[in-house]
Amino acid sequence: MNAPYIPDLSLKGKIRRRLTRLSSRKPLPAIDQKYVSFTFDDFPKSSAINGAKNLKDKGLRGTFYACTGQFGQSNHFGELCSSDDVKRIFAAGHEIGCHTQNHIDCAVSSPAVVQMEIQRNQANLSALGISNSDAFAFPYGDVSFAGKRALSDKFATLRGVQPGINHKGSDANQLLAVPIEGDIDNLQYAKNFFEQLDAKNGWLIFYAHDVRTKFSKWGCSPALLQAIIEEAIARNYIIAPVTSIYSQIQEQQAK
Ligand SMILES: [Zn+2]
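Residues numbered from 1 in each chain as written. Predicted model: local features only at pLDDT ≥ 70, side-chain atom pairs only at ≥ 80, totals over all residues.

Trainee: Explain the packing of helix 4 (residues 111-127) against helix 5 (residues 145-152) to me, please; I cannot follow it from the model alone.
Mentor: For any two helices packed against each other, one specifies the crossing angle of their axes together with the interaxial distance. Taken N-terminus to C-terminus, the directions of helix 4 and helix 5 make an angle of 40 degrees; their axes are 9 Å apart at the nearest point. Between helix 4 and helix 5, the angle falls in the class oblique. Between helix 4 and helix 5 lies a crossing of right-handed hand. Contacts from Pro111, Val114 and Gln115 of helix 4 reach helix 5 at Ala146, Gly147, Ala150 and Leu151. Partitioning the contact of helix 4 with helix 5 into residue classes produces 5 nonpolar, 2 polar and no charged. (Axes fitted to C-alpha atoms, helices over the stretch in contact; angles between N-to-C directions. Helix = DSSP H or I, 4+ residues; strand = E, 2+ residues; numbered from the N terminus. Parallel < 35°, antiparallel > 145°, perpendicular 65-115°, else oblique. Left-handed = near helix turned anticlockwise from the far one by under 90°. Contact = placed C-beta atoms within 7 Å. Nonpolar A, V, L, I, M, F, W, Y, C, P; charged D, E, K, R; others polar.)

Trainee: Looking at this structure, how should I read the nonpolar core?
Mentor: A general tendency of soluble globular proteins is for nonpolar side chains to be buried together. Among the nonpolar cores identified, the biggest contains 65 residues, and Ala66, Ile180, Ile205 and Phe206 are the most heavily contacted of them. Looking at this core element by element, the count peaks at 6 residues for strand 9 (residues 202-208). (Core = buried A, V, L, I, M, F, W, Y, C linked by C-beta atoms within 7 Å. Buried ≥ 20, exposed ≤ 12 C-beta atoms within 10 Å, placed from the backbone.)

Trainee: What is the right way to read helix 2 (residues 45-56) from this model?
Mentor: In an α-helix, one turn spans 3.6 residues, which is why side chains three or four residues apart end up on the same side. A rise of 1.5 Å per residue sets the reference length of helix 2, with its 12 residues, at 16 Å; its end C-alpha atoms lie 16 Å apart and thus fit the reference within 8%. Burial runs high along helix 2: 9 of the 12 residues are buried. Taken residue by residue, helix 2 has Lys45, Ser46, Ser47, Ala48, Asn50, Gly51, Ala52, Asn54 and Leu55 as its buried positions. Looking at the packing, one finds that the buried side of helix 2 touches strand 1 (34-41), strand 4 (78-79), helix 3 (83-91), strand 9 and helix 7 (222-234). (Expected span 1.5 Å × (residues − 1).)

Trainee: Help me understand the pairing of strand 2 (residues 63-66) in this model?
Mentor: Within a regular strand, side chains alternate between the sheet's two faces. Going residue by residue along strand 2, you find Thr63 and Tyr65 tucked away on one face and Phe64 and Ala66 tucked away on the opposite face as well. The handedness of the strand 1 to strand 2 crossover, carried by helix 2, is right-handed. With 4 bridges joining them, strand 2 and strand 5 (residues 95-98) adopt parallel strand pairing. Considered in strand 5, the bridge of alanine 66 is made with cysteine 98. (Right-handed = clockwise from strand over helix to strand, strands pointing away. Pairing = 2+ DSSP bridges.)

Trainee: For this particular structure, what's the right way to read the pairing of strand 9?
Mentor: The element strand 9 is extensively covered by neighbouring structure, given that 7 of its 7 residues are classed as buried. Alternating residues of strand 9 divide into Gly202, Leu204, Phe206 and Ala208 and Trp203, Ile205 and Tyr207, and every residue in both groups is buried. Judged from the 7 bridges that link them, strand 1 and strand 9 form a sheet pairing that is parallel. Within the sheet, the bridge partner assigned to serine 37 lies in strand 9 and is isoleucine 205. Across 2 bridges, strand 8 (residues 178-179) lies against strand 9 in parallel orientation. Across the sheet, proline 179 pairs through a bridge with tyrosine 207, a residue of strand 9.

Shown next, in the form of structure tokens:
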């Protein structure tokens, strides 16, 4: 399949999304540091190679949300990762999150199907020797009311695609995340969020797809990703995978 799937963009879809955002919430406690996480969805081979390398060169780790049912395939993001890629990334210390087995739209799938997709994905990762992480990202950033409720006690965090910085009261069951898309001329978009983070402590999560010179509509160039990472380092943020930051926020709250 080469054509990307477009989720429900109707008015009904918009209203459902708004109501779902208000349901099954897990509010974050106060955040008294400046945190940044770099995440990758769908796991194109280019993110497993260039994205992981960009982070590792700086001694950093990211969160890669994997769909094991797509391993070895190709789609609009180019070639997707293989089992060997995911094992290599995990061995390098990156977090391997869950993104359903087959990248299903959780907004139109029954909770039973969503749960089965998750069980299978996690079992496939376990079979590769990859411990299941506590991080999940909604494919297409979308989920139904019932689907969100069904997932809320399965993972520590659920990540969406609505841009913004997470603060006290933000929903750990639908974390805000900022896309990294395009080429170096889009650096200012990320810098705008850095300026907001400088002004107020919080947790800024980025997400990217393919990372290659000839990137897709949803992808980015290695140069843009590298520039954003360097900017985050220069600003002295705490940079770590999603579950690590979530734990740090919880620990800080407990003190
Ligand atoms: Zn995805």
